[in-house]
4 protein chains.
Amino acid sequence: MKEKDPKIPKWKNKLHEIIYEADTPAGKFFDVALLIVILLSIVLVMLESVATYSLKYFWSFYIAEWIITIIFTIEYILRIIAIRKPRKYIFSFFGIVDLLSTIPTYIAFVFGGHNLLFAVRALRLLRVFRILKITRYIGESNKLMDALKNSKAKILVFLFAVFIICIIVGTVMHLVEGEAGGFDNIPISIYWSIVTLTTVGFGDIHPITPLGRFIASALMIMGYGIIAVPTGIVSAEYSNAFKKNIPTNTQVCPHCHETKHLNGAEFCHNCGKKLNVD
Amino acid sequence: MKEKDPKIPKWKNKLHEIIYEADTPAGKFFDVALLIVILLSIVLVMLESVATYSLKYFWSFYIAEWIITIIFTIEYILRIIAIRKPRKYIFSFFGIVDLLSTIPTYIAFVFGGHNLLFAVRALRLLRVFRILKITRYIGESNKLMDALKNSKAKILVFLFAVFIICIIVGTVMHLVEGEAGGFDNIPISIYWSIVTLTTVGFGDIHPITPLGRFIASALMIMGYGIIAVPTGIVSAEYSNAFKKNIPTNTQVCPHCHETKHLNGAEFCHNCGKKLNVD
Amino acid sequence: MKEKDPKIPKWKNKLHEIIYEADTPAGKFFDVALLIVILLSIVLVMLESVATYSLKYFWSFYIAEWIITIIFTIEYILRIIAIRKPRKYIFSFFGIVDLLSTIPTYIAFVFGGHNLLFAVRALRLLRVFRILKITRYIGESNKLMDALKNSKAKILVFLFAVFIICIIVGTVMHLVEGEAGGFDNIPISIYWSIVTLTTVGFGDIHPITPLGRFIASALMIMGYGIIAVPTGIVSAEYSNAFKKNIPTNTQVCPHCHETKHLNGAEFCHNCGKKLNVD
Amino acid sequence: MKEKDPKIPKWKNKLHEIIYEADTPAGKFFDVALLIVILLSIVLVMLESVATYSLKYFWSFYIAEWIITIIFTIEYILRIIAIRKPRKYIFSFFGIVDLLSTIPTYIAFVFGGHNLLFAVRALRLLRVFRILKITRYIGESNKLMDALKNSKAKILVFLFAVFIICIIVGTVMHLVEGEAGGFDNIPISIYWSIVTLTTVGFGDIHPITPLGRFIASALMIMGYGIIAVPTGIVSAEYSNAFKKNIPTNTQVCPHCHETKHLNGAEFCHNCGKKLNVD
């Protein structure tokens, strides 16, 4: 992307640089400005969902909604113009999200169903993930990402085992507690098991019988103990990522058989003879 | 098991390969198909426990129940036929679970007690553990297993210490709060202690007196602090499993039989004689 | 303790061995038998606190209570006889606990106040800590103990910082929420802060105003983030404890200046000359 | 600060040593005495907020309040006298906090608004942070601080990602559960998401519909799994701080200026010339 095509007009290259990249001051400014508008649009959706506000400040919300929609529309059009292969952007994940963030307001204007499209507009929230682009400015996040990638499979297996435990305990609790304690059926009992094992504990459903409480106690202590597993996995993997750049290699000095030479070493640090470096 | 007995008919060998192993495409297909049926049977048991569904879709459940029972029966018979020593399978843990997953439906058909056998049929859940066989496909899970095995004893001692703290705090809370706060007797107070220390916190029982709240605060901060212990154990053990490459090698001094020489050592560090380094 | 005084009669030495040590089969048997009696006495205290049981099985409890008291009395007397300096035992922590576990039943018998002495008898629970003696049979628990000892000071400072945060947030919440949300006064608000930050969350007190909920959200996310600190401390300290027995020492070969010799090495592993080991 | 200006009178130097430093016995005594007064003032503010106490012991509180205010006033004046550049202290964070801790009582005395200034007086709580100065007495806390500083950026990004998840799940739950389950509007639903993901779980708001409970289960298991991330970061960073003693030393080759030689290396690994090893 850095090697510009000479056939493309200069302003288009400039536009691409501003919108899609963040190396130039203008590009950074565009990114930050866009993030602020996205955050404002999210705050707007939030406040509009509060009944008292949506009645009181109906017109303020209406106008703000239109301003944001127009900004997003302009941004969407610019994005299509700036890129060489518009189709690639339009059908990408963020392309679709960007479109779905803009259309609802227009549809509501033409067909009226302001309330029905509220849900679709909430999709605008997904735009906030653009913010996470900022994380790449943080050093060593690659190591963290590697650690998380290495841990993912193991943590998923772990969470799956946790889920099986919850299914079994949930079924047992349904049989032990019955409908009196709120354990009306197995799905609800499993829901309770998850609430309990993850140490959330809402308290809307809770055991009443002594046996039920005993099983619940066992489940809670288990949950308290096994939370150590995912944590242990991530910290060990991450800790391990630090040890990748080991300073020594496996070369052996042909004269004194000394090992553990620093990477890039040409001479043996023990006898001063030349190493067999190709 | 890989070295087939020539006396056993070929089809029996083939069957054994499909049912008990997962190296061939047919064997893998059998495993996956079985897992799907098991999961379906569990979903069935769950939905049947919901009162509204069990009334509305009684016949659908009834037919689905019979289909699954027949599939499980065929599987059970095949497993007995395929193995050389059927007794070994029948009296194994999974053999018994497999039998108990099939029988209830037949008994209910003959003697009628459909509802009573619901609990026994829930045993079918245990079949889901067959799924965990998949975990062996994940690399390095041996290291994790080693770490967990090393940690087990220590975590059990830790959980036991946690339990003793809960007994003591529970007794104290029963004396401090009394029946007003819901701490009716010591077992219930211990149950509350476990709920609190593990940071679950249902809220069905909670202290009301200032002193009770003070003790509860201390218990909670303690619980927040000591959750570090099992996590620390697992992550240190797991982290340690990565460091297997100890700097010493397996050479043995030909003169004094001393072991554990540093990599690259030419002379025995014990007697000063030359080592057999090639 | 192992070097027996010849003046002490043999049976006394034998008794000391059985009661205070756990090296001989008889000593181990005594330990295990005592633990079972202690556990039974705790279960008894628990069940007696349940109103329905204490009425129904009054006489069973009464007899069991006396049997255990008599066993504890005999044990207490034997412990005094067996030891050379009885005063050292009597005024030790466990000596006092042992005495207080036995006396209440006698006092209740003489003066009648059965119910009043219930609380004192709960002290018997402390005897359960004798069980923790078993932990020393678990290998490497020294390393864990070292890690916990190293971590203690830092974790206490951490918990203290957590407590200060709770005081500040508690005060702020009292001013924000007022009495409507249950935040009647600052101590209660601090109690709520602790319940929330430690992720227990009973739900008996919870914010109602938008600002209160916003502060609560910040507190919860903070609590979720800072739980990493004690865990990080323990796992790093424990992980570090594994690296203590570094196989090499700081000796330098007087002939070839090679370092990193294994502990106990007498000859340089590089040139075969003798090391300056005193 | 250790090299005293000869022009400054001796008593002023002495005063500075006592108030601002903690090396001399007098300085340590001043620190401890001040901390006790600060803690007493905090306890006073707490107890005064309890309605029953503030009515019953009004005059005791009133007198105690004045005593503490006068002590703080004297301390404030002494701090200004003792320092060479008073402006630096007055406009520092603790200078402002110290002033705001003292003034309210005087204002309440002159203008009367005793209750209104209660909130301002709560600022006195911030003085408690002076206590954290003690932490520097704990060894190796530098390593911990380094680890926390290294982790901060990553943990903030992590908590930010958690917050985005909460916004999305909160919006979805508002649409799924609606007002029946207490999910009246998006901000409240986000509040619930945070309560749930952080495993606090008050239970004042909780899902009722099956779909809502399913999403809640997913959120809880996610929260249980991702708590591993901040913990992993801190423990890996902290564990890493222990490994500072890299096997290389600070020697520089006199011929090619190559650095980072392995401990014990006699010859430069880059040019093969002899190193200046004594």
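The model shown is predicted, which means the values in this text are computed figures rather than measured ones. Per chain, residues are indexed from 1 in the order of the written sequence. All chains are assigned letters beginning at A, and all ligands numbers beginning at 1, according to the order in which they are written. Local features in this predicted model are restricted to residues of pLDDT 70 or higher, and side-chain atom pairs are both shown and tallied only at a pLDDT of 80 or more, whereas totals for entire chains, interfaces and linings draw on every residue. Calculation of side-chain values draws on the structure's entire complement of heavy atoms; hydrogens and water are dropped beforehand.

Quick look at the overall build of chain A
Next up, step 1: In this description a helix means any DSSP run of H or I spanning at least four residues, a strand means any run of E spanning at least two, and both kinds are numbered starting from the N terminus. Counting its regular elements, chain A contains 11 helices and 2 strands.
Next up, step 2: Mapped in sequence order, the helices and strands of chain A form the string α-α-α-α-α-α-α-α-α-α-α-β-β.
Next up, step 3: Every one of the 278 residues in chain A was classed for burial, and the buried ones make up 49%.
Next up, step 4: When checking whether two residues touch, look at their non-hydrogen atoms; a contact exists if any pair is within 4.5 Å. Long-range pairs, those at least 24 residues apart, make up 50% of the contacts in chain A with a sequence separation of at least 6.
Next up, step 5: Just so you have it, chain A exposes about 14000 Å², and 70% of that area is on carbon and sulfur atoms. For each residue, the accessible area found with a 1.4 Å probe, counting protein chains only, is set against the maximum for its type, and the residue is called buried under 20%, exposed over 50%, and partly exposed in between. Surface exposure here means Shrake-Rupley accessible area, sampled with a 1.4 Å probe, where a residue is shielded only by the protein chains that are shown.

Quick look at the UniProt feature "transmembrane region" (unreviewed entry) in chain A
Residues and elements named next belong to chain A.
Next up, step 1: UniProt positions are given in the numbering used here, feature names are shortened, and annotations may be inferred rather than shown by experiment. Summarizing the sequence annotation, UniProt attributes the feature "transmembrane region" (unreviewed entry) to residues 29-47, 59-78, 90-111, 155-176, 188-208 and 214-234 in the numbering used throughout.
Next up, step 2: Secondary structure across residues 90-111 divides into 91% helix and 0% strand, with the first and last C-alpha atoms of the span separated by 25 Å.
Next up, step 3: The span residues 188-208 shows a helical share of 48% and a strand share of 0%, and its end C-alpha atoms are spaced 16 Å apart.

Observations concerning the packing of helix 9 (residues 186-197) of chain A against helix 2 (residues 25-49) of chain B
Next up, step 1: Every axis corresponds to a line fitted to the C-alpha atoms, with the helix fit spanning only the stretch in contact, and the corresponding angles, defined between N-to-C directions, vary from 0 to 180 degrees. Relative to each other, helix 9 of chain A and helix 2 of chain B sit at 105°, their axes nearing to 7 Å. In terms of orientation, helix 9 of chain A and helix 2 of chain B fall into the roughly perpendicular class. Residues A:Ile186, A:Pro187 and A:Ile190 of helix 9 of chain A pack against B:Val45, B:Met46 and B:Ser49 of helix 2 of chain B. Relative orientations are named as follows: roughly parallel for angles under 35 degrees, roughly antiparallel for angles over 145 degrees, roughly perpendicular for angles from 65 to 115 degrees, and oblique for any other angle.

A closer look at the packing of aromatic side chains
All names here are of chain A.
Next up, step 1: Centres within 6.5 Å are what make two rings of Phe, Tyr or Trp a pair, Trp counting through its six-membered ring; a difference in plane orientation under 30 degrees is then read as stacked, over 60 as edge-to-face, and the rest as tilted. On inspection of all chains with the given rule, the structure shows 32 aromatic pairs over all chains.
Next up, step 2: Note on Phe-58 and Tyr-62: the rings are 6.1 Å apart at their centroids and 20° apart in plane angle, and the pair reads as stacked. Placement of both Phe-58 and Tyr-62 in helix 4 (residues 58-82) is noted, with a separation of 4 residues, approximately one turn of the helix.
Next up, step 3: The exposure class assigned to Tyr-62 is partly exposed, which follows from its relative accessible area of 29%.

Describing the pattern of salt bridges
Next up, step 1: What counts as a salt bridge is simple: a side-chain nitrogen of Lys or Arg found within 4 Å of a carboxyl oxygen of Asp or Glu. Throughout the structure, instances matching the rule amount to 8 salt bridges over all chains.
Next up, step 2: With a closest N to O distance of 3.9 Å, D:Asp204 and C:Arg213 form a salt bridge. Placement of D:Asp204 in the loop between helix 9 (186-197) and helix 10 (210-226) and of C:Arg213 in helix 10 (residues 210-226) is noted, with the two residues assigned to different chains.
Next up, step 3: What makes D:Asp204 partly exposed here is its relative accessible area of 26%.
Next up, step 4: Judged by its relative accessible area of 15%, C:Arg213 is buried.

Concerning unusual backbone geometry
All names here are of chain A.
Next up, step 1: Phi angles above zero are rare outside glycine, and Thr-199 is one such case at about 60°.
Next up, step 2: Tracing the backbone shows Thr-199 in the loop between helix 9 and helix 10 (210-226).
Next up, step 3: On the basis of relative accessible area, Thr-199 is assigned to the buried category, the value being 5%.

Examining the environment of B:Leu78
Residues and elements named next belong to chain B.
Next up, step 1: Among the secondary structure elements, Leu-78 is positioned in helix 4 (residues 58-82).
Next up, step 2: For Leu-78, a relative accessible area of 29% puts it in the partly exposed group.
Next up, step 3: Sequence separation between Leu-78 and Ala-51 is 27 residues; the distance between their C-alpha atoms is 36 Å.
Next up, step 4: With residues up to four places along the chain from it excluded, the contact list for Leu-78 reads Leu-15 and Ile-19.

Considering a nonpolar patch on the surface
Next up, step 1: Like charges within 9 Å and nonpolar side chains (Val, Leu, Ile, Met, Phe, Trp, Tyr) within 5 Å are joined into patches, using only residues over 30% in relative accessible area that form no salt bridge. Taken together, the side chains of A:Leu99, A:Ile103, A:Ile107, A:Phe109, A:Val110 and A:Phe111 define a hydrophobic patch exposed on the protein surface, amounting to about 600 Å² of accessible area.
Next up, step 2: Relative to the helices and strands, A:Phe111 is located in helix 6 (residues 93-111).

Some thoughts on the confidence of the model for chain A
Detailed reading of predicted coordinates is not advised where the pLDDT is low.
Next up, step 1: A residue's pLDDT is simply how confident the predictor is in it, with values from 0 to 100. Confidence in the prediction of chain A, expressed as mean pLDDT, is 77, and 73% of residues score 70 or more.
Next up, step 2: Confidence, expressed as mean pLDDT per element, reaches its minimum in chain A at strand 1 (residues 248-249) of chain A with 51 and its maximum at helix 9 of chain A with 91.

Re the side chain of C:Thr196
Next up, step 1: Of note, C:Thr196 is situated in helix 9 (residues 186-197).
Next up, step 2: Polar contact is defined as a pair of N or O atoms within 3.5 Å, subject to the rule that within protein one atom must be able to donate a hydrogen and the other to accept it, and that residues adjacent in sequence are counted only when both atoms are side-chain atoms. Reaching out from C:Thr196, the side chain makes a polar contact with the backbone oxygen of C:Trp192 at a distance of 2.9 Å.
Next up, step 3: For C:Thr196, the contacting residues outside a window of four places in its chain are C:Leu219, C:Met220, D:Val200 and D:Phe202.

Structural notes on helix 9 (residues 186-197) of chain B
All names here are of chain B.
Next up, step 1: Taking 1.5 Å per residue as the helical rise, helix 9 with its 12 residues ought to reach 16 Å, and the 16 Å between its terminal C-alpha atoms agrees with that figure.
Next up, step 2: Counting buried residues along helix 9, 11 of its 12 residues qualify, which places the element largely inside the surrounding structure.
Next up, step 3: Measuring from the backbone nitrogen of Ile-188 back to the side-chain oxygen at the start of helix 9 gives 3.1 Å, which picks out Asn-185 as the cap.
Next up, step 4: Phi turns positive, to about 60°, at Thr-199, one or two residues after helix 9. Expected helix span is given by 1.5 Å per residue-to-residue step, counting one fewer step than there are residues.

Looking at the packing of helix 1 (residues 10-20) of chain A against helix 4 of chain A
Residues and elements named next belong to chain A.
Next up, step 1: Between helix 1 and helix 4, the shortest axis-to-axis distance is 9 Å and the interhelical angle comes to 125°. The orientation of helix 1 relative to helix 4 falls into the category oblique. The two elements helix 1 and helix 4 cross, and the hand of that crossing is left-handed. On the side of helix 1, the interface is formed by Trp-11, Lys-12, Leu-15, His-16, Ile-19 and Tyr-20, while helix 4 contributes Leu-78, Arg-79, Ile-81 and Ala-82.
Next up, step 2: Each residue receives one of three labels: charged for Asp, Glu, Lys and Arg, nonpolar for Ala, Val, Leu, Ile, Met, Phe, Trp, Tyr, Cys and Pro, and polar for the others, Gly being one of them. Class assignment for the residues of the contact of helix 1 with helix 4 results in 7 nonpolar, 1 polar and 2 charged. The sense of a crossing depends on the near helix, which, turned anticlockwise from the far helix by less than a right angle, makes the crossing left-handed and, turned clockwise, makes it right-handed.

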